[in-house]
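# Chain and residue survey
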Amino acid sequence: MAGKEPEIITDKNQMRKWSRAMRSQGKTIGLVPTMGYLHEGHISLIKEAHKRTNLIVVSVYVNPGQFSPTEDLSTYPSDFHGDIQKLMAVPGGVDVVFHPHNLYDYAEGKPTGINNNGSNCENSGVGEPERKGVVSCVEERGLGHETWVRVERLEKGMCGKSRPVFFRGVATVVTKLFNIVEPDVAMFGKKDYQQWRIIQRMVRDLDFSIEVIGSDIVRDGDGLAMSSRNVHLSLEQREKALSINRSLSGAKSAAENGQVNCRELRNLVIQAVNSAGGRIDYAEIVDQETLEAVEEIQSPVVFCIAAWFGKVRLIDNLEINISK
Ligand code: PAF
């Protein structure tokens, strides 16, 4: 059922003006940052935001700053029209969709040739080939942006190892969004557990006056964690990818039944995913706060995994809340 149509704002100054006008009327603002191609996971973040603030802003922006030239920026799915339809169906609706063209374009009125999903990154020919993989699509195109926010220790492990520019790109664009939208509350999905913890730490360390909420993972009926990238899985790959959630649940039950040795638990998951035909990027059991790897479960941990099925890299995790 179609409901309220959100206002679409593309200009950052107009976005800030809207927020300030609303705040001067005493309204509170919740921000749900997204890269579009919305699914039930995003919708659940919006519903959670509704419980906390008067107004909701959803940002839809595929951030080239968090992709390296070898990653999947150009194939990242998008369907802006479909996203708006989905947002209109959310109970209570959404007040604004912030959909900027390019958050790294500082040349007033002079287009840089980068479209919204940055799809020309891989073909730009600007970057030095040997540096590919450690620069982002923003630097590769020589845009002159040189300020990055880094959460130095938390960004090092797990996704940070295989995606070296990812977290500084996320922290930077989220900082930009916070400065533009000036929300009271910001929502993040716990599927991106490391990202959520990094944003929490950044907000604490840099004194942002924003409450960061982590919201539970939303899964499809078969248990696969919802992700915009799932659309790239063939039916067969999708079936194989269920080994992730199944083996994580198996490891959690084993832990609850007394198996607290992390090497054994990791082996359970690695073997299950490998034999389903997946390729493990990492499978780590880490402390929920510090994200440091643990050898034996003695306090709340989270089992985080990233694995490739064909050309699709999926991440998932499960919190294990036993303490010795
Ligand atoms: O989780 C995402 O979709 C993105 O990393 C985010 C937080 C919107 C920043 O681009």
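Our subject is the structure listed above.
Conventions adopted
Residues numbered from 1 in each chain as written. Predicted model: local features only at pLDDT ≥ 70, side-chain atom pairs only at ≥ 80, totals over all residues. Heavy atoms only, no water. Pairing = 2+ DSSP bridges. Helix = DSSP H or I, 4+ residues; strand = E, 2+ residues; numbered from the N terminus. Axes fitted to C-alpha atoms, helices over the stretch in contact; angles between N-to-C directions. Contact = heavy atoms within 4.5 Å. Near = heavy atom within 4 Å. Polar contact = N/O pair within 3.5 Å; in protein donor to acceptor, adjacent residues only side chain to side chain. Areas by Shrake-Rupley, 256 points an atom, 1.4 Å probe, with all protein chains shown as cover. Parallel < 35°, antiparallel > 145°, perpendicular 65-115°, else oblique. Left-handed = near helix turned anticlockwise from the far one by under 90°. Nonpolar A, V, L, I, M, F, W, Y, C, P; charged D, E, K, R; others polar. Buried < 20%, exposed > 50% of the residue type's maximum accessible area, 1.4 Å probe, protein only. Lys, Arg positive; Asp, Glu negative; His and termini not counted. Salt bridge = Lys/Arg side-chain N within 4 Å of Asp/Glu carboxyl O.

## As for the sheet that holds strand E1 (residues 7-9)
A sheet is described by the order of its strands in space; here six strands give the open sequence E1-E4-E3-E2-E5-E6, paired in parallel fashion. Each of the sheet's edge strands pairs with one partner strand only, and the pair in question is E1 and strand E6 (211-215). Ignoring strand direction, the axes of neighbouring strands in this sheet form an average angle of 25°. Inspection of the sheet shows strand E5 (residues 185-189) paired to E6 by five bridges, in the parallel sense. From the neighbouring strand, Phe188 faces E6, where its bridge partner is Gly214. Each of E1, strand E2 (29-34), strand E3 (55-60) and strand E4 (96-98) touches helix H1 (residues 12-24); the most contacted strand, E1, lies at about 130° to it. Of the strands in this sheet, E2, E3, E5 and E6 are in contact with helix H2 (residues 40-50), which crosses E5 at around 150°.

## Let's talk about the site of the ligand
Taken together, Pro33, Thr34, Met35, Asn63, Gln66, Val170, Val173, Phe188 and Gln195 are the residues near the ligand. For the ligand, an oxygen atom lies 2.7 Å from a polar atom in the side chain of Gln66. At 2.8 Å from an oxygen atom of the ligand is found a side-chain nitrogen or oxygen belonging to Gln195. When the ligand sits alone it has 290 Å² of accessible area, and the protein chains cover 89% of it.

## What about the environment of Gly258?
Examined against the element boundaries, Gly258 turns out to sit in the loop between helix H8 (235-256) and helix H9 (262-275). Separated by 53 residues in the primary sequence, Gly258 and Lys311 place their C-alpha atoms 36 Å from one another.

## Things to note about the packing of H8 against H9
Contact geometry for H8 and H9: axes closest at 9 Å, N-to-C directions at 160°. By the angle class used here, H8 and H9 are roughly antiparallel. Judged by the sense of rotation from one axis to the other, the crossing of H8 with H9 is right-handed. Residues Ser243, Ile244, Ser247, Leu248, Ala251, Ala254 and Ala255 of H8 touch H9, and the partners they reach there are Leu265, Leu268, Val269, Ala272 and Val273.

## Points about the packing of helix H6 (residues 166-181) against helix H7 (residues 193-205)
For the pair H6 and H7, interaxial distance at closest approach is 10 Å and the crossing angle is 50°. The angle between the axes of H6 and H7 places the two elements in the oblique class. You can see that H6 and H7 cross each other, and the crossing is right-handed. Here Phe166, Phe167, Val170, Ala171, Val174, Thr175 and Phe178 of H6 come into contact with H7, specifically with Gln194, Gln195, Ile198, Ile199, Met202 and Val203. Its residues placed into classes, the contact of H6 with H7 shows 10 nonpolar, three polar and no charged.

## Notes on the environment of Val94
Residue position: Val94 is located in the loop between helix H3 (80-88) and E4. You can call Val94 buried: its relative accessible area is 1%. Put simply, Val94 and Glu40 are 54 residues apart on the chain and 15 Å apart in space, counted from C-alpha to C-alpha. Dropping the residues within four chain positions of it, Val94 is found in contact with Lys4, Pro6, Ile46, Ile56, Val58 and Leu87.

## Digging into the side chain of Lys176
Structurally, Lys176 is set in helix H6. No salt bridge forms around the buried Lys176; measuring N to O, its nearest opposite-charge neighbour Asp105 is 10.0 Å away. A polar atom in the side chain of Lys176 sits 2.7 Å from the backbone oxygen of Leu103. Beyond its immediate chain neighbours, meaning those up to four positions away, Lys176 contacts Leu103, Tyr104, Tyr106 and His145.

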